[in-house]
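Coordinate analysis (summary)
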Amino acid sequence: QVCWFKGLAPSRTQKALHTWHERAMLVARWKLFGILLASLCTHDAVAKMVMGIADGEDYQLVTTFCFTFPRVTPGQHVANAHIHSQTIVAADGHKFLVVNQTDLSKGLSCEQLVKGAKVIEPLVEKTREVVAYDLTLNVEPSMNGQNIAAVVARCGQKINAEYIVEFTNPDGTFLDKQFACAEQGFLSSYLWLSLLALVLAPSFFSAMRTLQRRQAHNDISAMFFTSTGFFIVRVWLFTVHLLVYSRNGMGLGMLLFVAQFLDFMATTMATVVLLALVHGVYLVRPSIPVGCAERTALMRVSASFAATFLLSTLFCGFKVDGPISPFGVMRGSAAMPYVVSRTMTGFFCLQQGMKLAQESDAAQKKPYILRFTAVAAAWLLLMPAMLLFTGAESWHREAVVMDLASVAMYCVLLWDFWPTRFGALFTCIKPTERMHPYAEFS
């Protein structure tokens, strides 16, 4: 089904034609803005939606999607999925293409993409009367599980187009209708994870408040509870983003970026806590001497972890139409420095913890040190391992597993940071600090 939006007939003079064209473009842009506003406000929007401006050379990727069709018995009718595009162009020669995503990954030229496209639709007539183009494509069940890409092409010339493209899975609920193959189950999983965070939050808050009332907090415990708060809020914010995404197909981009930045804060602070624990800070010694090689190595590892994670988070947050991710991490070269740094940090914790556990001065705290070492290594190395040995199609499962691993890490630390066990753990504080009566907690 193709609908053409036409303006007034062009004037005979070039000046009048130019004036008409400007007015028609303005009307068409307001029409697209109205469609977008209505889509954001309504609860009954029915598609993943992407919008933007294509201004590259030859061709520009709009977005990718993978349709999911329900399983049916033989002979049962299956509804079609849909691709709905609305485009404004300012010059002729533009084409809207639907191609296989593998063709894009091969780096084919514009002419080769046009030749192998599943759908080719020219966006402007020679009369130049059309300034907006509306196209709805039916997607048959044979496309189930296939990754396709929507492309705006203008081979050999500069692209100048504005678009809104919607993808709709057939006959689904708000839990799955808007989501591509790799994102199926994301919303339901994070609804359960948000409920788990809601159940656990009072325990963390109660422990924090008890230690605060007794004036027993130290640097490590304060950073731990702050990290936990950031993590819980991040889970809730990401779940809200998914709920909005399930309704309007776009979500809330700023909310997603805030959630990813909170993940950066929570993860970095938790890593610093674990690094301090495996070095025995406040467990077997009050601090790491300034200027020693051990402190220098610790500072380098911490700085590398924080810097690479921040860059990965910023890249992920500002990337338009990237995959839905609760973390500031994406598959690809942008996240590789962080993945390498996180791997090195995990092995660094493992090496340092095992070394400290063998020292005679740490004999009494050996069970604590070994437990913290195992938790730190497992938690830090899980993400690189999953990114290395799994594919993009299982990303939503990986994200949930990594968040559950974070929940487990926080719960293990909470067990040892609980007020009744806090004094038995932190027995070696800085000489310059107040000597709190830790005996009452043991």
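Relevant structure appears above.
Cut-offs used in this document
- Residues numbered from 1 in each chain as written.
- Predicted model: local features only at pLDDT ≥ 70, side-chain atom pairs only at ≥ 80, totals over all residues.
- Heavy atoms only, no water.
- Core = buried A, V, L, I, M, F, W, Y, C linked by side-chain atoms within 4.5 Å.
- Buried < 20%, exposed > 50% of the residue type's maximum accessible area, 1.4 Å probe, protein only.
- Helix = DSSP H or I, 4+ residues; strand = E, 2+ residues; numbered from the N terminus.
- Contact = heavy atoms within 4.5 Å.
- Disulfide = S-S within 2.5 Å.
- Pairing = 2+ DSSP bridges.
- Axes fitted to C-alpha atoms, helices over the stretch in contact; angles between N-to-C directions.
- Parallel < 35°, antiparallel > 145°, perpendicular 65-115°, else oblique.
- Left-handed = near helix turned anticlockwise from the far one by under 90°.
- Nonpolar A, V, L, I, M, F, W, Y, C, P; charged D, E, K, R; others polar.
- Salt bridge = Lys/Arg side-chain N within 4 Å of Asp/Glu carboxyl O.
- Expected span 1.5 Å × (residues − 1).
- Polar contact = N/O pair within 3.5 Å; in protein donor to acceptor, adjacent residues only side chain to side chain.

**Thoughts on the nonpolar core**
Note on soluble globular proteins: their nonpolar side chains tend to be buried together. Within the largest apolar cluster, 74 residues are counted, with the highest numbers of intra-cluster contacts made by Tyr 190, Ile 220, Phe 224, Leu 277, Leu 413, Phe 417 and Phe 426. For this core, the secondary structure elements donating two or more residues are α4 (186–213), α5 (219–248), α6 (253–278), α7 (293–318), α8 (336–357), α9 (366–389), α10 (395–417) and α11 (419–425). Here this core gets 13 residues from one element, more than from any other, and that element is α6. In this structure, Ile 220 is in contact with Val 273, Ala 276, Leu 277, Val 281, Tyr 282, Phe 417 and Phe 426, ignoring residues within four places of it in sequence. Counting residues in each nonpolar core, the second largest holds 26 residues, with Phe 69, Tyr 133, Met 143 and Val 165 among its members.

**Section: the state of the cysteines**
Applying the stated criterion across every chain yields a total of 1 disulfide. Note on cysteine connectivity: Cys 110 is disulfide-linked to Cys 155, with sulfurs 1.9 Å apart. With the S-S dihedral at roughly -80°, the linkage between Cys 110 and Cys 155 falls on the left-handed side. A residue pair is termed long-range when its members are at least 10 positions apart, and Cys 110 in helix α3 (residues 110–116) and Cys 155 in strand β8 (residues 147–158) qualify at 45 residues. A relative accessible area of 4% means that Cys 110 is categorised as buried. Owing to a relative accessible area of 28%, Cys 155 belongs among the partly exposed residues under this scheme.

**A look at the sheet that holds β8**
The 4 strands are arranged β3-β8-β5-β6 in an open sheet whose pairing can be described as antiparallel. Each end of this open sheet is capped by a strand with a single partner; those strands are β3 (57–66) and β6 (119–122). When strand polarity is set aside, the average angle formed by the axes of neighbouring strands in this sheet is 20°. Pairing geometry for strand β5 (residues 95–100) and β8, over 6 bridges, is antiparallel. Its bridge partner being in β8, Phe 96 is matched across the sheet by Val 152.

**Topic: the packing of α4 against α5**
Here α4 crosses α5 at 155°, and the two axes come no closer than 9 Å. Relative to α5, the element α4 is oriented roughly antiparallel. The crossing of α4 and α5 is left-handed. For the contact of α4 with α5, the class distribution of residues is 20 nonpolar, 4 polar and 1 charged.

**Some points on unusual backbone geometry**
The phi dihedral of Gln 215 is positive, around 55°, even though this residue is not glycine. Within the fold, Gln 215 resides in the loop between α4 and α5. A residue is classified by how much of its surface remains accessible, and Gln 215, at 44% relative accessible area, is partly exposed. One non-glycine residue, Tyr 282, adopts positive backbone phi at about 70°. Looking at the element boundaries, Tyr 282 is found in the loop between α6 and α7.

**Notes on the pattern of salt bridges**
Evaluated as defined, the whole model comprises 4 salt bridges. Linking Glu 294 and Arg 285 is a salt bridge whose minimum nitrogen-to-oxygen distance equals 2.6 Å. Exposure remark for Glu 294: the relative accessible area of 23% places this residue in the partly exposed category. Connected through salt bridges with shared partners, the residues Arg 234, Asp 263 and Asp 403 form a single ionic network.

**A word on α5**
Between its first and last C-alpha, α5 extends 43 Å over 30 residues, near the 44 Å set by a 1.5 Å rise per residue. Of the residues flanking the start of α5, the one acting as N-cap is Asn 218, its side-chain oxygen 3.0 Å from the backbone nitrogen of Ile 220.

**Examining the pairing of strand β4 (residues 81–89)**
With 8 of 9 residues buried, β4 is to be regarded as a mostly interior element. Pairing of β4 with strand β9 (residues 161–168), which is carried by 8 bridges, proceeds in the antiparallel orientation. Among the inter-strand pairings, His 82 is bridged to a residue of β9, identified as Thr 168.

This is a description of form; function is not addressed.
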